Amino acid sequence: MSTTENRAEFGSTLGFILSAAGSAVGLGNIWKFPGKAYACGGGAFLIIYLIIVALVGTTVMMAEFTIGRKTHKNAVGALRELNSKWGWVGGLGILTGFIILCYYCQVGGWTLYYIAAYITDVQTVWADPMAYFLGMLGANGFPLAAIIWALVFLFLTAFIISHGTAGIEKMSKILMPVLFILLIGLMIRACTLPGADEGVKYMLHVDFSTINTTAILTALGQAFFSLSLGMGVMITYASYLSSDDNLISNTGIICVLDTCVALFAGFMIIPAVFATGIAPGMGGGFAFATLAGVFMAIPGGQFMGLLFYFLLFFAAVTSSTSILEGTVSFLVEEKGMERKKTLVIVSCIMFVIGVFYTLSQVFMNLKGIWISKDGLQFPIFGDFLEYLTDRLLLPLGAFFTTFFVGWIWGTDKSIEEATSDGKFKFGLAPVYAFMVKFIDPIVIGVIIVAGMVFGMAIS
Ligand code: TRP
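Note that this is a predicted model, so its numbers are computed, not measured.

## Quick notes on the pattern of salt bridges
Consideration 1: In the structure shown here, the tally under the stated rule is nine salt bridges.
Consideration 2: A salt bridge links K423 to D244; its shortest N-O distance comes to 2.9 Å. Of this pair, K423 sits in the loop between α18 (384-418) and α19 (429-454) while D244 is found in the loop between α12 (233-238) and α13 (247-276), placing the two residues 179 residues apart along the sequence.
Consideration 3: Residue D244 is classed as exposed on the basis of its relative accessible area of 54%.
Consideration 4: Among the charged side chains, a network of salt bridges with common partners joins K32, K36, E386 and D390.

Below you can see the structure in the form of structure tokens.
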């Protein structure tokens, strides 16, 4: 069907690393990670997270990369080519991506809202950061502005996808390093705010009694979300690579970059939480309300805040495009739909579902409503989309991907692809094979089940 000849390839290895890192580094690192680290007990959570990234994250990423580059196809087509019965795993990923993007675009819209706020109304934001954040979400009436910004964000994502990603590749080369440097600067400032040392201590204090199945499942889901794993995005990205590219070192670089950004964000935001006393109950407030305390405390804070939200927006766009591209390339390549029409239809449905995410935060006050049954608690809409994707669908996607590589396609074939038929050295190949075949599916499977059975109550 689709031939490899007429598919684009990345212009350079750097272009690929930046695109894959651009997909990985996003709202997950800066908006989600600090909130989860805070809720799940700081230091102990960090350790669990790092172990999961180092062992599970890297191997799942490598598995996805080898599938993609071997076949040069989108997630569904790639799995189907390797084994005609396995296309549905790619399909599961497409569904997951669709759900993620419903709420991702809403939060992406919040970044635009804050860009506008820092330009026009920074004093109001700073006067009462938490009230401002809740106001955006509908505490004072229907949150029309937030929803319109989400629409703008979704429109931009779709617009970029419809024009190819060359522009975004170019922008990534400049803006990702700027984001990296800015984060380090802000982290240092946040850690030196009066009272911030308590936050640093919190992040370094290791108390394993805070770790339960919920925390482990959270760390696992967060790792997959942050590294863009479990829904075939990395399969699609690697499908544009040639055998001259070294998948082994690329995997390492992308995992390290992504994890550094998450850690910087954690050590920027948590100390700020302690210094400012603003500890919002919802994860969403961290990157928005809490950081106001940091920007207020630095010279040129308005400009720095503006720059920060612009970079956060940019990081979010390079991620949202990667997710939308997954869904759209599937519908176009596998279902023969027309690209522009697909984009419009998919975006409209995502927008309608996503609006309820923003509305449910404060306006409809669905956040705190739970169905309790037999001692288990199920969140209704507010965070339901997040729980569904992070705790179930992404781990499931990763489970089936590793099971597929380990037991159906074969680790020897995957390793052959990883080394470009022996061209690159892969000293850890036996470890990789062992992880993909045994540890990954077992660990992921057990954590999913344990999380479902014991962990529904949200800490
Ligand atoms: N990794 C991105 C973030 O941290 C989100 C993302 C992009 C993603 N592509 C994905 C998550 C694919 C899961 C799967 O914000």
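## So, the site of the ligand
Consideration 1: By nearness alone, 18 residues border the ligand, and A24, G28, Y104, F225 and M231 come closest of all.
Consideration 2: Interatomic distance of 3.1 Å between a backbone N/O atom of S226 and a nitrogen atom of the ligand.
Consideration 3: For the ligand, the protein covers 100% of the area, taking 360 Å² as the surface of the free molecule.
Consideration 4: Using a 2 Å cut-off from the grid points, one finds that the ligand occupies the largest cavity.
Consideration 5: Those elements that place two or more of their residues in the shell around the ligand are α1 (13-24), α2 (27-39), α5 (87-120), α11 (213-226) and α16 (301-335).

## Observations concerning the side chain of D258
Consideration 1: Tracing the sequence through the fold places D258 in helix α13.
Consideration 2: Although D258 lies buried, it forms no salt bridge, and the closest oppositely charged side chain, K32, sits 12 Å away as judged by the N-O distance.
Consideration 3: Reaching out from D258, the side chain makes a polar contact with the side chain of N29 at a distance of 2.9 Å.
Consideration 4: When residues no more than four places from it in sequence are discounted, the contact partners of D258 are A24, V25, N29, Y49, S226 and L227.

## Notes on the confidence of the model for the chain
Consideration 1: Per-residue pLDDT for the chain has a mean of 87; in total, 90% of the residues score no lower than 70.
Consideration 2: Confidence, read as mean pLDDT per element, is least for strand β2 (residues 376-379) in the chain (46) and greatest for helix α3 (residues 43-71) (96).
Consideration 3: Counting interchain partners and residues more than four positions distant, the pLDDT-below-50 stretch residues 1-5 has five contacts.
Consideration 4: Here residues 375-380 is a poorly scored stretch, pLDDT under 50, and it has 20 contacts once near neighbours within four places are set aside; other chains count.

## As for unusual backbone geometry
Consideration 1: You will see that H72, though not glycine, has its phi angle at about 50 degrees, which is positive.
Consideration 2: One can find H72 in the loop between α3 and α4 (75-82).
Consideration 3: Not every positive phi belongs to a glycine, and D421 is a case in point at roughly 55 degrees.
Consideration 4: Given the relative accessible area of 64%, D421 is considered exposed.

## Describing empty space enclosed by the protein
Consideration 1: Taken as a whole and assessed by the stated rule, the structure comprises two cavities of 30 Å³ or more.
Consideration 2: Forming the walls of the largest cavity are 18 residues, and the residues nearest its centre are S23, I100, F225, S228 and I323.
Consideration 3: Taken together, the elements giving at least two residues each to the lining of the largest cavity come down to α1, α2, α5, α11 and α16.
Consideration 4: Of the residues that constitute the lining of the largest cavity, the class distribution is eleven nonpolar, seven polar and no charged.
Consideration 5: Take the lining of the second largest cavity: its biggest share by element is three residues, from α5.
Consideration 6: Across the lining of the second largest cavity, the residue classes tally to four nonpolar, six polar and no charged.

## Considering α4
Consideration 1: Within α4, burial applies to A75, V76, G77, A78 and L79.
Consideration 2: Where α4 is buried, its residues contact α3, α5, α12, α16 and α18.

## What to know about the environment of G300
Consideration 1: Checked against the element boundaries, G300 lands in the loop between α15 (292-296) and α16.
Consideration 2: Judged by relative accessible area, which is 47%, G300 ranks as partly exposed.
Consideration 3: Sequence separation between G300 and A166 is 134 residues, and the spatial gap between their C-alpha atoms is 33 Å.

## Some details on the side chain of S347
Consideration 1: Examined against the element boundaries, S347 turns out to sit in helix α17 (residues 339-361).
Consideration 2: You can call S347 buried: its relative accessible area is 10%.
Consideration 3: Setting aside anything within four residues of it in sequence, one finds S347 in contact with L154 and A158.

Rules and cut-offs
- Residues numbered from 1 in each chain as written.
- Predicted model: local features only at pLDDT ≥ 70, side-chain atom pairs only at ≥ 80, totals over all residues.
- Heavy atoms only, no water.
- Salt bridge = Lys/Arg side-chain N within 4 Å of Asp/Glu carboxyl O.
- Helix = DSSP H or I, 4+ residues; strand = E, 2+ residues; numbered from the N terminus.
- Buried < 20%, exposed > 50% of the residue type's maximum accessible area, 1.4 Å probe, protein only.
- Near = heavy atom within 4 Å.
- Polar contact = N/O pair within 3.5 Å; in protein donor to acceptor, adjacent residues only side chain to side chain.
- Areas by Shrake-Rupley, 256 points an atom, 1.4 Å probe, with all protein chains shown as cover.
- 1 Å grid on protein atoms, 1.4 Å probe; cavity = no way out; pocket = protein on both sides within 12 Å on 5 of 7 lines; lining within 4 Å.
- Sits in = over half its atoms within 2 Å of the grid points.
- Lys, Arg positive; Asp, Glu negative; His and termini not counted.
- Contact = heavy atoms within 4.5 Å.
- pLDDT = per-residue confidence, 0-100.
- Points joined across faces, edges and corners; volume = space filled by probe spheres on them.
- Nonpolar A, V, L, I, M, F, W, Y, C, P; charged D, E, K, R; others polar.

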